[in-house]
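Residue-level structural notes
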Amino acid sequence: KGVISDGDIRRAMEKRESIFFELKAKDLMTKKPKMISADTSLVDASNIMNKEKISCLLVVENCALCGIVQLFDLGI
């Protein structure tokens, strides 16, 4: 399992232009995406995104996906 961000798609379009439309989701997805709990503060979420140079975090609760926080959600 994994996640595909808009950045993953943009980078693939630039780097793999000639074969982009032949790619499958498994070719682009981040297999171990960064996750936070639903109780994580937005400041901590922002710090994680800045440190990891990523634009979204999966929000999990009881081992289940319950949402996604993106940089633009934080007004950054």
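Residues numbered from 1 in each chain as written. Predicted model: local features only at pLDDT ≥ 70, side-chain atom pairs only at ≥ 80, totals over all residues. Heavy atoms only, no water.

Take unusual backbone geometry next. The bulk of non-glycine residues show a negative phi, and the bulk of peptide bonds are trans. At N62, a position not held by glycine, the phi torsion is positive, near 55°. A positive phi angle, close to 65°, is found at C63, a residue other than glycine. Within the secondary structure, C63 is located in the loop between β2 (56-61) and β3 (64-70). (Helix = DSSP H or I, 4+ residues; strand = E, 2+ residues; numbered from the N terminus.)

The next subject is the environment of I9. Summarising the element assignment, I9 is placed in helix α1 (residues 6-15). Judged by its relative accessible area of 34%, I9 is partly exposed. With 11 residues separating them along the chain, I9 and F20 place their C-alpha atoms 9.1 Å apart. In contact with I9, not counting residues within four places along its chain, are I4, F20 and L28. (Buried < 20%, exposed > 50% of the residue type's maximum accessible area, 1.4 Å probe, protein only. Contact = heavy atoms within 4.5 Å.)

A few words on the confidence of the model for the protein chain. Predicted coordinates in regions of low pLDDT should not be interpreted in detail. With 99% of its residues at a pLDDT of 70 or more, the protein chain has an overall mean of 90. Of all the helices and strands in the protein chain, α1 carries the lowest mean pLDDT, 88, while strand β1 (residues 35-37) carries the highest, 96. (pLDDT = per-residue confidence, 0-100.)

What follows deals with the packing of aromatic side chains. Evaluated as defined, the whole model comprises one aromatic pair. When the centroid spacing of 5.2 Å and the interplanar angle of 80° are considered together, the rings of F20 and F21 count as edge-to-face. By relative accessible area, which is 15% here, F20 ends up buried. Look at F21 and you get exposed, because its relative accessible area is 78%. (Phe/Tyr/Trp six-rings, centres within 6.5 Å; stacked < 30°, edge-to-face > 60°.)

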